[in-house]
Amino acid sequence: MADSTMLSHSRRESPTPRSSGRRHFQRYWQLYIMMFLPLCHFLLFKYAPLIGNVLAYRRYRPAMGPYGTEWVGLAYFERFMQDPAFWRAFNNTIILSFGNILINFPIPIIFALLLNEVRSKRFRKFVQTISYMPRFISTVVVIAILSELLSPSTGLFNRVLGQLFGMDPIYFTNEPQFFRPIYILTDTWQFTGWTAIIYLAAITGVNRELFEAADIDGANRFQKIIYVTIPSIMSTIMVMLILNVGSLLSLGFEKVLLLYTPSNAMVSDIIDTLVYRTGLANQNYSYATAIGLFSGVVGIILVSTTNWLSKKMSGESIY
Amino acid sequence: MFKQPKLRSLTFADVLINAFMFFVVLICFVPFLYMLALSLSSPKAIINNEVSLFPVGLNFEAYKQIFTYPNFFKAYGNTIFYTAGGTLIALFMSAMFAYAMSKRFLKGHKLVMMLIVFSMFFSGGLIPTYLLISSLHLTNTVWAMLLPFALNQFNLIILINFFRAIPAEIEEAAIIDGLSYFGILQRVILPLSTPALATIGLYTAVFFWNDWFNGMIYLNTNQYPVMLFLRNIVNGTAMIGDGAGAADKSTIAMSIKSAVIITSTLPIIILYPMLQRFFVAGLTVGSVKG
């Protein structure tokens, strides 16, 4: 990230050679004091749990501290590798994630490109404001509204289907085959407008002269989108893709938990919900930590691999 | 404006795009309209499937009921408390941390920056965090909500970048005037940073307002926030309303559920358009590339 530039800056600006360390602290001690409390907070709440991952290799005993009591090696890892529930959750996570990226990665780009084509500036602003409202809505509310809309007895959606196509009511939120579409489409609803902000900002930054040149060459609107706008925002698209692939395993855990019912468990049990159930519900702390650590490590590998690939192929990277 | 581009009449493509955008607005809005309609309709109209986007048999019974239901008030008050307290703590901690971190010449600056960035990609996970918070004896206290989420790496980076963009001359002038660094932060930097503070303040407030999961795993029943209350109504673990007539119960529950949804979402829907000129800038300035 910005660290490489920071390095060069600090060399240039740094007013204190090593010998005047005391003067440095006399001048700047307040800044260190200022940092002290937040830094302690940061280390406590971000790094203590990170170190807490050692619990994956240690046996947990109640009231004996969060870091466990004795080393057990890879026992917990071996156990979940042989656990069919883990592999089911793993597959569900991968399928849901890829489906989600496949649908919800391109949609905000298309939405931004189309919105940029809207002539009236005021209508454009209005659409944008409305479109990111769902991002501020709690997942609980989204799922609550959804369950009323899709309710088989009184839901609006089933009534419309019934009146238009004469279909019998379907219990959407309970049928396993509808779980993935529901997850993905509620994400579309909630985040398309929000994610599009970044692309719209990138489109606004495109050099106007490129469009004028394309006009002179006789390009139509569609050609300008394909040959000018998209190539110009490619770096933004790549960065967003890296971030998306990097967070492949971290799905909207809370939403899955809210959509989870015993009858759709075969498709809706993902790694995070498995960790939650084995860890917090069944208090198998070490076992759940091992599963969580595994998915965290896979996540880091995914980020660095996509970042490396993208650097090789397009010169774009996030660090 | 320099030169007005020549006015072109609306083409077919324009009509199509505008129609599509109109459709998008509708999709975003219809669910709320439906909720509003349900919350204001009579149980009879709901059970006969007469309600679509406008209330049928307009009445405020559902709202009257939730406002006389003590648990709802309690939960709503809890949420307001967590949101106000949590956001204040978060802004206080983030501002101090980010201001110090905006000074590249401080010793250890690079190391702390690395710690911040690294923890964005690799975090402690659910179980270690839970065990930490319970071993600090924060569970079943409001501190379990207020403390652990005060610092967020994305917000910190937005703020650090914003502070760095403030011209150094302003600060040098303040130092010559004899202000300490605490004085500079309080009297010079923070007043200049309202857009960034409003942005991360909004993100934080929305996070606290919408949270239910942390409330569920860390708090006890009378500390529950309103979103958890709503979730418990939805999945049937909490009951609301008087048991007047068993047949009516599910439909009463339906309009009450809708009324809870509307009342718990309204503050955010009212708040965000007012702050949007800030957060759009904040998102694009501070995000992604750091």
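Small disclaimer: the values here were computed from a predicted structure and weren't measured. (Residues numbered from 1 in each chain as written. Chains lettered and ligands numbered in written order. Predicted model: local features only at pLDDT ≥ 70, side-chain atom pairs only at ≥ 80, totals over all residues. Heavy atoms only, no water.)

1. Focus on the overall build of chain A
Put simply, the rule reads: Under the scheme used here, helices are H or I runs from DSSP no shorter than 4 residues and strands are E runs no shorter than 2 residues, and both carry numbers assigned from the N terminus. Three labels apply to residues, based on accessible area from a 1.4 Å probe with only protein chains included: buried if under 20% of the type maximum, exposed if over 50%, partly exposed otherwise in between. In this description, contact between two residues means that some pair of their heavy atoms is separated by no more than 4.5 Å. Here the Shrake-Rupley method, with its probe set to 1.4 Å, supplies the accessible areas, and only the displayed protein chains count as covering residues. Note that His is not counted, nor are the chain ends; the positive residues are Lys and Arg, and the negative ones are Asp and Glu. To locate a charge, take atom NZ for lysine, CZ for arginine, CG for aspartate or CD for glutamate.
Helix and strand content of chain A: 16 helices and 2 strands. Seen through its principal axes, chain A has C-alpha atoms that stretch 75 × 60 × 35 Å. Out of the 319 residues in chain A, the part that is buried amounts to 52%. Counting only contacts in chain A whose residues sit at least 6 apart along the sequence, the fraction spanning at least 24 positions is 63%. Accessible surface, chain A: about 15700 Å² in total, of which carbon and sulfur atoms supply 64%. Once the 27 positive and 18 negative side-chain charges of chain A are each reduced to a mean point, those two points are 10 Å apart.

2. Quick word on the UniProt feature "domain: ABC transmembrane type-1" (unreviewed entry) in chain A
The condition that has to hold: UniProt positions are given in the numbering used here, feature names are shortened, and annotations may be inferred rather than shown by experiment.
The UniProt record marks residues 90-306 of chain A with the feature "domain: ABC transmembrane type-1" (unreviewed entry), using the residue numbering of this structure. In this annotation, residues 90-306 of chain A is assigned 76% helix and 0% strand; the end-to-end C-alpha distance for the span is 20 Å.

3. As for the packing of aromatic side chains
Residue and element names in this part refer to chain A. Our working definition: Any two rings among Phe, Tyr and Trp, with Trp reduced to its six-membered ring, count as a pair given centres within 6.5 Å; such a pair is stacked if its planes are under 30 degrees apart, edge-to-face if over 60, and tilted if neither.
Going through the model one piece at a time under the given rule, you end up with 42 aromatic pairs over all chains. Taking the centre distance of 4.5 Å and the plane angle of 50° together, the rings of Phe80 and Phe86 count as tilted. Taking relative accessible area as the criterion, Phe80 reaches 0% and is therefore assigned buried. Exposure remark for Phe86: the relative accessible area of 0% places this residue in the buried category. When the centroid spacing of 5.6 Å and the interplanar angle of 75° are considered together, the rings of Phe86 and Phe294 count as edge-to-face. Within this pair, whereas Phe86 is found in helix 4 (residues 84-104), its partner Phe294 is found in helix 16 (residues 285-314), the two being separated by 208 residues in sequence. A single burial state applies to Phe86 and to Phe294, both of which are buried.

4. Some thoughts on the interface of chain A and chain B
The criterion, for reference: Defined in terms of a 1.4 Å probe, buried area is the accessible area two parts forfeit on being brought together, summed over both. Only one rule defines a salt bridge in this text: a Lys or Arg side-chain nitrogen within 4 Å of an Asp or Glu carboxyl oxygen.
Counting residues at the interface gives 97 residues for chain A, matched by 104 residues for chain B. For the pair chain A and chain B, the two sides together bury roughly 9200 Å², of which 77% comes from carbon and sulfur. Remark: the boundary between chain A and chain B carries 3 salt bridges. Residue B:Asp14 pairs with A:Arg221 through a salt bridge whose shortest N-O separation is 2.9 Å. Ranked by residues supplied to the side of chain A that touches chain B, first place goes to helix 2 (residues 21-51) of chain A with 23 residues.

5. Some thoughts on the UniProt feature "transmembrane region" (unreviewed entry) in chain A
All names here are of chain A. The feature "transmembrane region" (unreviewed entry), as annotated in UniProt, sits at residues 28-48, 94-115, 136-161, 181-204, 225-253 and 285-309 in this numbering. Helix makes up 65% of residues 136-161 and strand 0%, whereas the separation of the span's terminal C-alpha atoms amounts to 29 Å. From the first C-alpha to the last, residues 225-253 spans 36 Å; its make-up is 76% helix and 0% strand.

6. Observations concerning the UniProt feature "transmembrane region" (unreviewed entry) in chain B
Residue and element names in this part refer to chain B. Under the local residue numbering, the UniProt record ascribes the feature "transmembrane region" (unreviewed entry) to residues 12-34, 80-99, 111-133, 145-167, 188-209 and 259-280. In this annotation, residues 12-34 is assigned 100% helix and 0% strand; the end-to-end C-alpha distance for the span is 32 Å. In this annotation, residues 111-133 is assigned 83% helix and 0% strand; the end-to-end C-alpha distance for the span is 26 Å.

7. Here we look at the domain arrangement of chain B
Quoted interface sizes are often the accessible area lost when the parts come together. All names here are of chain B. Using the following cut-off: Domains are outlined according to an automatic or database domain assignment. Pairing of N or O atoms within 3.5 Å defines a polar contact, subject to two protein rules: one partner must be a possible hydrogen donor and the other a possible acceptor, and residues neighboring in sequence count only if both atoms are side-chain atoms.
Partitioning chain B into structural domains gives domain 1 (1-59) and domain 2 (66-286). Tallying the contact residues gives 9 residues for domain 1 and 11 residues for domain 2. Interface area, domain 1 with domain 2, both sides summed: about 840 Å², of which 83% is carbon and sulfur. Summed over the shared surface of domain 1 and domain 2, the number is 0 salt bridges. Where domain 1 meets domain 2, there are 0 residue pairs in polar contact (both at pLDDT 80 or more). Sorting the residues of the side of domain 1 that touches domain 2 by element identifies helix 1 (12-40) and helix 2 (43-47) as the ones contributing at least two each.

8. Observations concerning the environment of B:Val117
Among the secondary structure elements, B:Val117 is positioned in helix 5 (residues 109-121). Distance in space between the C-alpha atoms of B:Val117 and B:Met101 is 13 Å, their sequence separation being 16 residues.

9. Here we look at the nonpolar core
Put simply, the rule is: Buried Ala, Val, Leu, Ile, Met, Phe, Trp, Tyr and Cys residues that are joined via side-chain atoms within 4.5 Å together make up what is termed a nonpolar core.
Formed by 150 residues in total, the largest nonpolar core has its most connected members in B:Phe97, B:Tyr99 and B:Trp212. Counting only domains with at least three residues in this core, you end up with domain 1 (1-59) and domain 2 (66-286) of chain B. Excluding anything up to four places from it in sequence, B:Trp212 contacts A:Val140, A:Glu254, A:Leu257, A:Leu258, B:Met227, B:Leu228 and B:Arg231. Listed in part, the 32 residues of the second largest apolar core include A:Phe105, A:Ile109, B:Val24 and B:Val25.

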